[in-house]
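# A closer look at the structure
Residue strings, one per chain:
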Amino acid sequence: MGALTKLTVNGVSHDVDAPADTSLLEVLRNDLGLTGTKYGCGEGMCGACTVLVGGEAVRSCITSIERVGDKKVETIEGCEIECCPDPVQQAFLDEGAMQCGYCIAGMIMSAHGLLRKNPKPTEAQIIEHKDGNVCRCCGYPKMIAAIKRAATAMETQQ
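### With respect to the nonpolar core
Counting 24 residues, the largest nonpolar core has Val88, Phe92, Met143 and Ile147 as its most contacted members. Counting residues per element, the ones that place at least two in this core are helix H3 (87-94), helix H4 (104-117) and helix H6 (140-157). At eight residues, the largest contribution of residues to this core is made by H4. Contact partners of Phe92, with chain neighbours within four places excluded, come to Ala97, Met98, Ile104, Met107, Ile108, Met143, Ala146 and Ile147. In this structure, Val9, Leu24, Val68 and Val73 belong to the second largest nonpolar core, which totals 13 residues.

### Observations regarding the sheet that holds strand E2 (residues 12-18)
Taken together, five strands build an open sheet; the order of strands is E2-E1-E5-E3-E4 and the sheet is mixed. Two strands lie at the open edges of the sheet, namely E2 and strand E4 (56-59), each paired on one side alone. For this sheet the average axis-to-axis angle between neighbouring strands, irrespective of direction, equals 40°. The sheet contacts of H4 involve strand E3 (50-53), E4 and strand E5 (72-74), and relative to E3 the element is tilted by about 35°.

### Focus on the side chain of Ser64
By secondary structure assignment, the location of Ser64 is in the loop between E4 and helix H2 (65-68). Excluding residues that lie within four positions of it along the chain, Ser64 makes contacts with Ala20, Asp21, Thr22, Ser23 and Leu24.

### Focus on the side chain of Ser110
Inspection of the secondary structure assignment puts Ser110 in helix H4. By relative accessible area, which is 1% here, Ser110 ends up buried. Those residues in contact with Ser110 that sit more than four places away from it in its chain are Thr50, Ala57, His129, Lys130 and Asn133.

### Considering unusual backbone geometry
Even without glycine at this site, Asn10 takes up a positive phi of about 55°. Mapped onto the elements of the fold, Asn10 is located in the loop between strand E1 (3-9) and E2. Since its relative accessible area comes to 27%, Asn10 is described here as partly exposed. A positive phi angle is found at Cys138, which is not glycine, with a value near 60°.

### Considerations on the packing of helix H5 (residues 123-130) against H6
The interhelical angle for the contact between H5 and H6, taken along N-to-C directions, is 120°, at an axis separation of 10 Å. Looking at the two axes, H5 sits oblique to H6. The way H5 lies across H6 gives a crossing that is right-handed. Residues Glu123, Ile126, Ile127 and Lys130 of H5 form the contact with H6, whose own contacting residues are Ile144, Ile147 and Lys148. Split into classes, the residues belonging to the contact of H5 with H6 amount to four nonpolar, no polar and three charged.

The rules behind each value
Residues numbered from 1 in each chain as written. Predicted model: local features only at pLDDT ≥ 70, side-chain atom pairs only at ≥ 80, totals over all residues. Heavy atoms only, no water. Core = buried A, V, L, I, M, F, W, Y, C linked by side-chain atoms within 4.5 Å. Buried < 20%, exposed > 50% of the residue type's maximum accessible area, 1.4 Å probe, protein only. Helix = DSSP H or I, 4+ residues; strand = E, 2+ residues; numbered from the N terminus. Contact = heavy atoms within 4.5 Å. Pairing = 2+ DSSP bridges. Axes fitted to C-alpha atoms, helices over the stretch in contact; angles between N-to-C directions. Parallel < 35°, antiparallel > 145°, perpendicular 65-115°, else oblique. Left-handed = near helix turned anticlockwise from the far one by under 90°. Nonpolar A, V, L, I, M, F, W, Y, C, P; charged D, E, K, R; others polar.

This is the structure in C-alpha cells:
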C-alpha cells in the first residue's frame, strides 16, 4: 500500500501503512477510527479538521502524515481528563457555545492551540486566532465567551 509511518496520537503510538502524502485527517478518521475530527472543505479553509501537531493548531485535511514527522498529534478525543471534559470543553458547554456541533471539535482544538501560546488572550486576539474556523450556525459570540472562560479556568487551576 504505502510506507509504514509511526504516528503518536493522543499519547498512543500507531504504525500506519499509507502513502506519505496521505492527509492526516484521512488517517485519523479511516485508519485510527478517530471520527471527532471532521471533514469540512478539504482545502484547509473552514477549520472543522483542526488538530494539534506538536502543540500547534493545524488543518489536518491539508497536512500530510509525512509533514507530521515525530511530532505528537492531539485530537478532540484526547482532550478528556479521566472521562470528564477538559477546561476548554467545559467552557464551551457552560456557555452553550455549540449548536449543530459540526465545527466544535475544530473550534475547541483551535482554542487549545491559542491558549497554549497565549494563556491570557484579549478578545481581539481570540477573534484573530479564530479567523478561519467557520461556524455555519454563527455561534461566534458564545465561542469567544467560552474561550475567555476557559482561559480564566485554566489560570485558576495553576
